[in-house]
Amino acid sequence: ELNHLASVGKATAMRLAGTSEIEEHILQMRLEQWNYQIYFQQKNLDRYKEHYEDAVKKMETLSGQLFLKTNQEKVITIKKGIEAWYALNEQRMALWKKYGKKVNEPSFEVDHKADYEMLERIAKESGEIFNPLLVQLKDIIDQIKTVNFEKLDTAKLTSITLLIVVIIVVLIIFFIINSSI
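Scope of this entry: the structure provided in the associated data block. Predicted model only: the values in this text are computed from it and were never measured. (Residues numbered from 1 in each chain as written. Predicted model: local features only at pLDDT ≥ 70, side-chain atom pairs only at ≥ 80, totals over all residues. Heavy atoms only, no water.)

Bringing the overall build of the chain into the picture now. What the chain contains, in helices and strands, is 5 helices and 0 strands. For the chain, the succession of helices and strands along the chain, N to C, is α-α-α-α-α. On C-alpha atoms alone, the chain measures out to a radius of gyration of 26 Å, which is more than a quarter above the 16 Å that the 2.2 N^0.38 rule sets for 181 residues. For the chain, the proportion of its 181 residues judged to be buried stands at 34%. The contacts of the chain with a sequence gap of at least 6 include a subset with a gap of at least 24, amounting to 76%. Just so you have it, the chain exposes about 11200 Å², and 61% of that area is on carbon and sulfur atoms. A distance of 2 Å separates the average location of the 24 positive side-chain charges in the chain from that of its 25 negative side-chain charges. (Helix = DSSP H or I, 4+ residues; strand = E, 2+ residues; numbered from the N terminus. Rg over C-alpha atoms; globule rule 2.2 N^0.38 Å. Buried < 20%, exposed > 50% of the residue type's maximum accessible area, 1.4 Å probe, protein only. Contact = heavy atoms within 4.5 Å. Areas by Shrake-Rupley, 256 points an atom, 1.4 Å probe, with all protein chains shown as cover. Lys, Arg positive; Asp, Glu negative; His and termini not counted. Charge placed at Lys NZ, Arg CZ, Asp CG, Glu CD.)

With respect to the helices and strands, threonine 146 occurs in helix H5 (residues 113-180). As a C-alpha pair, threonine 146 and aspartate 111 span 35 residues in sequence and 54 Å in three-dimensional space.

So, about the packing of aromatic side chains. A full pass over the atoms with the stated rule returns 9 aromatic pairs. The interplanar angle of 15° and the centroid separation of 5.4 Å between the aromatic rings of tyrosine 48 and tyrosine 86 together place this pair among those described as stacked. Pair noted here: tyrosine 48 is in helix H2 (residues 42-65) and tyrosine 86 is in helix H3 (residues 69-99), with a separation of 38 residues, a long-range link. Exposure class is identical for tyrosine 48 and tyrosine 86. Each is buried. Note on tyrosine 52 and tyrosine 86: the rings are 3.7 Å apart at their centroids and 10° apart in plane angle, and the pair reads as stacked. Note that tyrosine 52 is positioned in helix H2 and tyrosine 86 in helix H3, a separation of 34 residues in sequence. By relative accessible area, tyrosine 86 is classed as buried at 13%. Ring-pair connections join several aromatic residues into one group, and the members of that group are Tyr48, Tyr52, Trp85, Tyr86 and Phe130. Lying across the ring of phenylalanine 130, arginine 30 places its NZ or CZ 4.6 Å from the centre. (Phe/Tyr/Trp six-rings, centres within 6.5 Å; stacked < 30°, edge-to-face > 60°. Lys NZ or Arg CZ within 6 Å of the ring centre and 35° of its normal.)

Glycine aside, negative phi is the norm for most residues, and most peptide bonds take the trans geometry. Positive phi values are uncommon outside glycine, yet phenylalanine 40 reaches one of about 55°. By secondary structure assignment, the location of phenylalanine 40 is in the loop between helix H1 (2-39) and H2.

This part is about the environment of isoleucine 173. The residue isoleucine 173 is located in helix H5 in this model. Separated by 34 residues in the primary sequence, isoleucine 173 and aspartate 139 place their C-alpha atoms 51 Å from one another.

Once that is clear, we can look at the pattern of salt bridges. Under the criterion given, the structure shown has 10 salt bridges. A salt bridge links lysine 79 to glutamate 83; its shortest N-O distance comes to 3.1 Å. Of this pair, lysine 79 and glutamate 83 both sit in helix H3, separated by 4 residues, roughly a single helical turn. On the accessibility criterion, lysine 79 (18% relative accessible area) is buried. Linking arginine 121 and glutamate 125 is a salt bridge whose minimum nitrogen-to-oxygen distance equals 2.9 Å. Of this pair, arginine 121 and glutamate 125 both sit in helix H5, 4 residues apart, roughly one helical turn. Taking relative accessible area as the criterion, arginine 121 reaches 36% and is therefore assigned partly exposed. One network of salt bridges, in which partners are shared, links Glu60, Lys79 and Glu83. (Salt bridge = Lys/Arg side-chain N within 4 Å of Asp/Glu carboxyl O.)

Now for the packing of H3 against H5. With their axes 9 Å apart at the nearest point, H3 and H5 run at an angle of 155° to one another. Classified by the angle between their axes, H3 and H5 sit roughly antiparallel to one another. The two elements H3 and H5 cross, and the hand of that crossing is left-handed. Grouping the amino acids of the contact of H3 with H5 by side-chain chemistry returns 19 nonpolar, 7 polar and 7 charged. (Axes fitted to C-alpha atoms, helices over the stretch in contact; angles between N-to-C directions. Parallel < 35°, antiparallel > 145°, perpendicular 65-115°, else oblique. Left-handed = near helix turned anticlockwise from the far one by under 90°. Nonpolar A, V, L, I, M, F, W, Y, C, P; charged D, E, K, R; others polar.)

Printed below as a string of structure tokens:
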């Protein structure tokens, strides 16, 4: 029973660590995106893509480790949202790469009106996708904590009950042996 309790605890820790890593990768994506928008350095774009790939892999792994089907579905929904957000921002990154620091100049709006409007539209849509994803992620983290802590509590109660039963059996055997002597 102690082995079972240890494995439940380990699995719980892995799921919680997985959700934290996903959240970290998603936030790092946003940070690298902003850095690329400011500095236009390829390393920021590369890190953005790496964090995206890592987040998607972690979500695929996590969805297979969850107990509740609803939580698995929520992770898949978040994954699809991140994929949509990433695809949308590919257009924005391409425009930033094309124009570089010119996108930050006041004349960009006039000289490249169509691309300026596209950047504005994508920025708005990006926020509309990204912000709810963070809320959904926080929600799934809270649900995973609740479910997993309940499992730990159940395993703990089972272990304590088993320990009490063993103690009672040992005491009965002790009294039987003691009275026989």
